[in-house]
Amino acid sequence: RPEIGLHLRDKRKSVYTAQWRGEHRQDRFWLMTDQVLSDHLVGRAEVSPIVSRDTTVWVFSLGADYYWGSYNFASATVIRDPRGVNDDLWVFPVRVRLANEQNDWVQATFAPASQRTVGWAFDVKKRWVRLGVERNARYDFTTLDNIIYTVGFELPLTDIGFDWRVPAQ
């Protein structure tokens, strides 16, 4: 399933994201922000429409990350997905990422849900390569129970010669 996103940072290192993923006759979009609240705490909010041919549903989430060291963090999120039984699926992913100063990392996610399903994921990033595997039962907000393997790459736009910043005067 194809996926692409853009993450922009402000001066405080808060992040604003727009992202798209296509999957089996439906598209998922993300509009989200991660706001730096203190030296160790980042708050997160997200709205995510899932658009199919005849309907659009809206997924909402709130969460927080606690950072120690440079890139290590633990995360907790509450997600409301309207596609569950009686339009009431709640998912509670928790995540831990261990990283080095070059921002290479390993990450584990455990995602219990209100309708007795559990998702999990394990991801790794080394330099610009990302690899992962996840088992989900509605964890990624599809209607499928499946195992997904991920191979991708991640580069700051400045590393490929693109710099949108205005030069200092």
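In the block above lies the structure referred to throughout.
What counts as what
- Residues numbered from 1 in each chain as written.
- Predicted model: local features only at pLDDT ≥ 70, side-chain atom pairs only at ≥ 80, totals over all residues.
- Heavy atoms only, no water.
- Helix = DSSP H or I, 4+ residues; strand = E, 2+ residues; numbered from the N terminus.
- Buried < 20%, exposed > 50% of the residue type's maximum accessible area, 1.4 Å probe, protein only.
- Contact = heavy atoms within 4.5 Å.
- Areas by Shrake-Rupley, 256 points an atom, 1.4 Å probe, with all protein chains shown as cover.
- Salt bridge = Lys/Arg side-chain N within 4 Å of Asp/Glu carboxyl O.
- Lys, Arg positive; Asp, Glu negative; His and termini not counted.
- Pairing = 2+ DSSP bridges.
- Phe/Tyr/Trp six-rings, centres within 6.5 Å; stacked < 30°, edge-to-face > 60°.
- Lys NZ or Arg CZ within 6 Å of the ring centre and 35° of its normal.

Engineer: For this particular structure, what's the right way to read the overall build of the chain?
Structural biologist: Regarding its fold elements, the chain presents zero helices and 12 strands. Starting at the N terminus and walking to the C terminus, you meet the elements of the chain as β-β-β-β-β-β-β-β-β-β-β-β. The buried share among the 169 residues of the chain stands at 35%. Summarising the internal contacts of the chain: among those between residues at least 6 apart in sequence, 24% fall at separations of at least 24. Carbon and sulfur atoms form 60% of the exposed surface of the chain, whose accessible area is close to 11100 Å².

Engineer: When you look at the pattern of salt bridges in this model, what are you seeing that I'm missing?
Structural biologist: A side chain with one charge may pair with a side chain of the opposite charge, provided their charged atoms come close. The full count for this structure, using the stated rule, is six salt bridges. We note a salt bridge from Arg44 to Asp34, for which the minimum N-O separation is 3.9 Å. Within this pair, whereas Arg44 is found in strand E4 (residues 41-52), its partner Asp34 is found in strand E3 (residues 26-36), the two being separated by 10 residues in sequence. We note that Arg44, like Asp34, is buried. Bridged by salt links that share partners, the residues Asp34, Arg44 and Asp65 form one connected network.

Engineer: Would you mind showing me how to read the side chain of Asp123 here?
Structural biologist: Residue position: Asp123 is located in strand E10 (residues 118-126). One buried charge, Asp123, has no salt-bridge partner; the nearest side chain with opposite charge is Arg130, at 4.9 Å. Those residues in contact with Asp123, other than ones at most four positions away along the chain, are Trp105, Val106, Gln107, Leu131, Gly132 and Val133.

Engineer: Even after reading the chapter, I still don't get the pairing of E4, so can you show me in this structure?
Structural biologist: Every other side chain in a regular strand lies on the same face of the sheet, so the side chains alternate between the two faces. For E3 and E4, the ladder comprises nine bridges, and the chain directions are antiparallel. What sits directly across from Leu31, in E4, is Val47. Hairpin connection from E3 to E4: four residues lie between these consecutive antiparallel strands. Count of turn residues in the E4/strand E5 (residues 56-68) antiparallel hairpin: three residues.

Engineer: Mind showing me how you'd approach the environment of Pro82 here?
Structural biologist: In this fold, Pro82 is placed in the loop between strand E6 (72-81) and strand E7 (89-91). Sequence spacing of Pro82 and Phe60 is 22 residues, and the spatial spacing of their C-alpha atoms is 9.1 Å.

Engineer: For this particular structure, what's the right way to read unusual backbone geometry?
Structural biologist: In this structure, Lys13 is a non-glycine residue whose phi angle is positive, near 75 degrees. Topologically, Lys13 is positioned in the loop between strand E1 (3-9) and strand E2 (15-23). The exposure class assigned to Lys13 is exposed, which follows from its relative accessible area of 58%. The backbone of Arg127 shows a phi angle near 55 degrees, a positive value even though the residue is not glycine.

Engineer: Just checking my understanding: could you explain the packing of aromatic side chains for this structure?
Structural biologist: Think of a pair of aromatic rings as described by two things: how far the centres are apart, and how the planes are tilted against each other in angle. Here the structure, examined in full by the defined rule, presents two aromatic pairs. Ring geometry for Tyr67 versus Phe73: centroids 5.1 Å apart, planes at 45 degrees, classification tilted. Taking the relative accessible area as the measure of exposure, Tyr67 reaches 22% and is therefore partly exposed. Classification of Phe73 as buried rests on a relative accessible area of 7%. A ring pair is formed by Trp128 and Phe153, whose centres lie 6.4 Å apart and whose planes are at 80 degrees; its orientation type is edge-to-face. Within this pair, whereas Trp128 is found in the loop between E10 and strand E11 (129-137), its partner Phe153 is found in strand E12 (residues 145-153), the two being separated by 25 residues in sequence. You can call Phe153 exposed: its relative accessible area is 61%. Over the aromatic face of Trp105 sits the side chain of Arg97, whose NZ or CZ is 3.8 Å from the ring centroid.

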